[in-house]
Amino acid sequence: MLRKLALGLVACAMVAGCKGKQTQSDQSIETLPTGGAAIDSSPLSFDPMGSDSGKIDGLVTVHFGYDKSNLDAAAKKDIASNVEWMKKNSSVKVQIEGHCDARGTIEYNVALGERRANAVKAYMVSLGIPTDRLNVISYGKEKPLEMGDNEAAWAKNRRANFVPAQ
């Protein structure tokens, strides 16, 4: 018992000693000059919801069938429209976000959302968009557009949307 008490006192003394040294060294920290480099804090000129907002002419969300990542004719038409938008806005990079409906496990839906986003990216590259202007991310079922346990809600959530970044 006495030994445990002694070890506890030694530990407290060490912590107190370190704390004192930390405070002393923190006082001597100097800030480095920034060199005049300014951070661009101007907001994006695009809606942060991207194509999901419906407010960016020529940039539309692509929808998928249940448990599908292949592109049907309607999806290819929407992607072609997005490619034209990107050609007109040649300095803009786009993040393609893959989404799923609420059914299935988190892991399964993240993988499915990634397949959807990559299918869209591959088609856009085949239509002439450089791969370095396209990034993909999957949110699985974590960012639904519409809540609900019915086909109408699920259909809106099975999508790949596009968020411009400059």
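Our subject is the structure that appears above.
Residues numbered from 1 in each chain as written. Predicted model: local features only at pLDDT ≥ 70, side-chain atom pairs only at ≥ 80, totals over all residues. Heavy atoms only, no water.

K.L.:
Quick one: what's the story with the packing of helix H2 (residues 73-88) against helix H3 (residues 106-126), residue by residue and with numbers?
P.N.:
Between H2 and H3, the shortest axis-to-axis distance is 10 Å and the interhelical angle comes to 60°. In terms of orientation, H2 and H3 fall into the oblique class. For the element pair H2 and H3, the recorded crossing hand is right-handed. Mapping the contact onto sequence places Lys76, Ile79, Asn82, Val83 and Met86 in H2 and Val120, Tyr123 and Met124 in H3. Partitioning the contact of H2 with H3 into residue classes produces six nonpolar, one polar and one charged. (Axes fitted to C-alpha atoms, helices over the stretch in contact; angles between N-to-C directions. Helix = DSSP H or I, 4+ residues; strand = E, 2+ residues; numbered from the N terminus. Parallel < 35°, antiparallel > 145°, perpendicular 65-115°, else oblique. Left-handed = near helix turned anticlockwise from the far one by under 90°. Contact = heavy atoms within 4.5 Å. Nonpolar A, V, L, I, M, F, W, Y, C, P; charged D, E, K, R; others polar.)

K.L.:
Now, about the packing of aromatic side chains: what can you tell me, with residues and values included?
P.N.:
In the structure shown here, the tally under the stated rule is zero aromatic pairs. One cation-aromatic arrangement involves Arg115 over Tyr108; the distance from NZ or CZ to the ring centre is 5.9 Å. Positioned above the aromatic ring of Tyr139, the side-chain terminus of Lys143 is 4.1 Å from the ring centre. (Phe/Tyr/Trp six-rings, centres within 6.5 Å; stacked < 30°, edge-to-face > 60°. Lys NZ or Arg CZ within 6 Å of the ring centre and 35° of its normal.)

K.L.:
So what about the side chain of Arg159? Which residues, and what values?
P.N.:
By secondary structure assignment, the location of Arg159 is in strand E4 (residues 159-165). Within polar-contact distance, the side chain of Arg159 engages the side chain of Asp52 at 3.0 Å. Not counting residues up to four positions away in its chain, the partners in contact with Arg159 are Asp52, Thr61, Val62, His63, Phe64, Glu97, Gly98, His99, Arg116, Lys143, Pro144 and Leu145. (Polar contact = N/O pair within 3.5 Å; in protein donor to acceptor, adjacent residues only side chain to side chain.)

K.L.:
How would you explain the pattern of salt bridges if you had to name every residue and give the values?
P.N.:
Tallying each qualifying case throughout the model produces seven salt bridges. The shortest N-O distance in the salt bridge between Arg103 and Asp101 comes to 2.8 Å. Among the ionic pairs, Arg158 bridges to Asp101, the shortest N-O distance being 3.3 Å. In this pair, Arg158 sits in the loop between helix H4 (151-157) and E4 while Asp101 sits in the loop between strand E2 (93-99) and H3, placing the two residues 57 residues apart along the sequence. Each member of the pair, Arg158 as well as Asp101, is classed as buried. (Salt bridge = Lys/Arg side-chain N within 4 Å of Asp/Glu carboxyl O. Buried < 20%, exposed > 50% of the residue type's maximum accessible area, 1.4 Å probe, protein only.)

Shape descriptors only; they carry no functional weight alone.
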